[in-house]
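Fold and geometry: a report
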Amino acid sequence: MDIYWIENKQRKGPITVPDIIARIQMGELTLDTPGWHKGCAQWMPLKELPALADFVAILEQPAPETQPQGPELPPFPHPQPEPPAAATEAAPEPFRIPPVPEALMASPKLALRLLARLTDYAIYTTLAMGIIYMLNLPYNQYLLFSSPFFWLPAILLEAYLLSKYGTTPGKKLLGIRLVFMIDPTQMPYRIALSRSFGVFILGMGCMLPIFCPIMMIIAACMCRNNERSLWDKRAFTQPIKQPSRPLIFLCIALLFICLHLCGVFLAPWLPDMIEQLSQQDPQLGEWLQHNLPRQ
């Protein structure tokens, strides 16, 4: 089980239970250090964490007496310390750690998260290609959705929506919200941007035709085994499932609508795309010219 702790007002971790015990035994951490692991409703001292209950119970056992007890002696008189003078300055307010909401325990399924991301990308692709279509821009391979440059505005927009509202259109339809675990009430834009880039690179393979399916399979296996993705661990974020009912059929219908609209918006570019493909693969270009419907 992964355990996090607070040190110098900064979140540290995660590390395993044996590692946290080793740090306590070496004096690097104390039992009063605030900590948290999955299943806890809020931050609490390490000695109160359920995962460390056995270790704390061993520490609290009284040490066995090895020497026989002698006759009871009267207490040695010690001078009583004088009471300290009244403090002239108020003590600084201790650092308060926001509680981790109980909703963190309800994580959405991987299939819903993937459908939400595909819905977001489909909406962005349709809007971007619609703008290109209305502006009547000439064909440019860097403006196609197979180019990583095409997705840069999508990453910036997703980060803004996550930092502002904690969700995106696709996540909203499926009842998914993203929480910043250090401060559940607000997510900084830099954290959201870091996570968006992490998903785009590690989860979607920069949308490159060769790497995208490979990275999606690898990311799915990692999320299934470790429960949390690399980008969520790096950004200290956690997707949670809201009580609203997911609109799965609406997202699927939206995907088909966006796919059809993208085909309409790409129609003016088809001759240039076929010509470029013909230069790279003459047989493929000839097949496309004979089988694609003519305008």
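Computed from a predicted structure; not experimentally measured. (Residues numbered from 1 in each chain as written. Predicted model: local features only at pLDDT ≥ 70, side-chain atom pairs only at ≥ 80, totals over all residues. Heavy atoms only, no water.)

A rise of 1.5 Å per residue sets the reference length of helix α3 (residues 110–135), with its 26 residues, at 38 Å; its end C-alpha atoms lie 38 Å apart and thus fit the reference within 8%. Among the residues trailing α3, Asn136 stands out with phi positive, at a value near 55 degrees. (Helix = DSSP H or I, 4+ residues; strand = E, 2+ residues; numbered from the N terminus. Expected span 1.5 Å × (residues − 1).)

So, about the packing of α3 against helix α9 (residues 248–266). Two numbers describe how α3 lies on α9: the axes approach to 9 Å, and their chain directions differ by 30 degrees. Judged on the interaxial angle alone, α9 and α3 are roughly parallel. Between α3 and α9 lies a crossing of left-handed hand. Residues Leu112, Leu115, Leu118, Thr119, Ala122, Ile123, Thr125, Thr126, Met129, Gly130 and Tyr133 of α3 lie in contact with α9, whose contacting residues are Ile248, Cys251, Leu254, Leu255, Cys258, Leu261, Cys262, Val264, Phe265 and Leu266. For the contact of α3 with α9, the residue count by class is 17 nonpolar, four polar and no charged. (Axes fitted to C-alpha atoms, helices over the stretch in contact; angles between N-to-C directions. Parallel < 35°, antiparallel > 145°, perpendicular 65-115°, else oblique. Left-handed = near helix turned anticlockwise from the far one by under 90°. Contact = heavy atoms within 4.5 Å. Nonpolar A, V, L, I, M, F, W, Y, C, P; charged D, E, K, R; others polar.)

Along the chain, the position of Arg117 falls in helix α3. Using a relative accessible area of 8% as the deciding quantity, one classes Arg117 as buried. Among the polar contacts listed, one links the side chain of Arg117 to the side chain of Glu158, at a separation of 2.7 Å. Excluding anything up to four places from it in sequence, Arg117 contacts Glu158, Lys171, Arg195, Val199 and Met204. (Buried < 20%, exposed > 50% of the residue type's maximum accessible area, 1.4 Å probe, protein only. Polar contact = N/O pair within 3.5 Å; in protein donor to acceptor, adjacent residues only side chain to side chain.)

Within this structure, the stated rule accounts for ten aromatic pairs. Seen from their ring centres, Phe145 and Phe150 are 6.4 Å apart, and the 75 degrees between their planes marks the pair as edge-to-face. For Phe145, a relative accessible area of 33% puts it in the partly exposed group. These aromatic residues form a ring-pair network of at least three members: Tyr121, Tyr124, Phe145, Phe150 and Trp151. Of note, Arg11 hangs over the ring of Tyr4, and the distance from its end group to the ring centre comes to 3.8 Å. (Phe/Tyr/Trp six-rings, centres within 6.5 Å; stacked < 30°, edge-to-face > 60°. Lys NZ or Arg CZ within 6 Å of the ring centre and 35° of its normal.)

A positive phi angle, near 55 degrees, is found at Asn136, a position not held by glycine. Mapping Asn136 onto the fold places it in the loop between α3 and α4 (152–165). Classification of Asn136 as exposed rests on a relative accessible area of 64%. In the Ramachandran plot, Phe236 falls in the positive-phi region, its phi being about 55 degrees despite a non-glycine side chain. Among the secondary structure elements, Phe236 is positioned in the loop between α8 (230–235) and β6 (237–241).

Strand order in this open sheet of four strands is β2-β1-β3-β4, and the pairing throughout is antiparallel. Each of the sheet's edge strands pairs with one partner strand only, and the pair in question is β2 (10–15) and β4 (44–45). For strand β1 (residues 3–7) and strand β3 (residues 34–37), the ladder comprises three bridges, and the chain directions are antiparallel. Directly across from Ile3, in β3, lies its bridge partner His37. (Pairing = 2+ DSSP bridges.)

What follows concerns the confidence of the model for the protein. Looking at the protein, pLDDT values average 79 and 78% of them are 70 or higher. Per-element mean pLDDT across the protein ranges from 62 in helix α11 (residues 282–291) up to 94 in α4. Low confidence marks residues 87–105, where pLDDT is under 50. Its contacts with residues over four positions away, or in another chain, come to 28 contacts. (pLDDT = per-residue confidence, 0-100.)

This part is about the nonpolar core. If you look at the biggest cluster of nonpolar residues, it comprises 29 residues, and the most contacted ones within it are Ile3, Ile20, Leu46, Leu49, Leu52 and Met187. Mapped by element, the contributors of at least two residues to this core are β1, α1 (17–25), α2 (53–60), α4, β5 (176–180) and α6 (189–203). Apart from the residues within four sequence positions on either side, Ile3 is in contact with Gly13, Pro14, Ile15, Val17, Ile20, Trp36, His37, Leu46, Leu49, Ala51 and Leu52. Residues Tyr124, Ala128, Met129 and Ala219 belong to the second largest nonpolar core, which totals 21 residues. (Core = buried A, V, L, I, M, F, W, Y, C linked by side-chain atoms within 4.5 Å.)

Time to look at the packing of α4 against α6. To characterise two packed helices, one gives the angle between the axes of the helices and the distance between these axes. Running from N to C, α4 and α6 cross one another at 135 degrees; their axes reach a closest spacing of 8 Å. It follows that α4 is oblique to α6 by the angle criterion. Between α4 and α6 lies a crossing of right-handed hand. Taking contact as the criterion, the partners of Leu152, Ile155, Leu156, Glu158, Ala159, Tyr160, Leu162 and Ser163 in α4 are, on α6, Tyr189, Ala192, Leu193, Arg195, Ser196, Phe197 and Phe200. Here the contact of α4 with α6 is built from residues that sort into eleven nonpolar, two polar and two charged.

What follows is about the state of the cysteines. Here, disulfide denotes a covalent bond that connects the sulfur atoms of two cysteines. Applying the stated criterion across every chain, the model contains zero disulfides. Sulfur of Cys262: no disulfide; nearest cysteine sulfur belongs to Cys258 and is 6.5 Å away. (Disulfide = S-S within 2.5 Å.)

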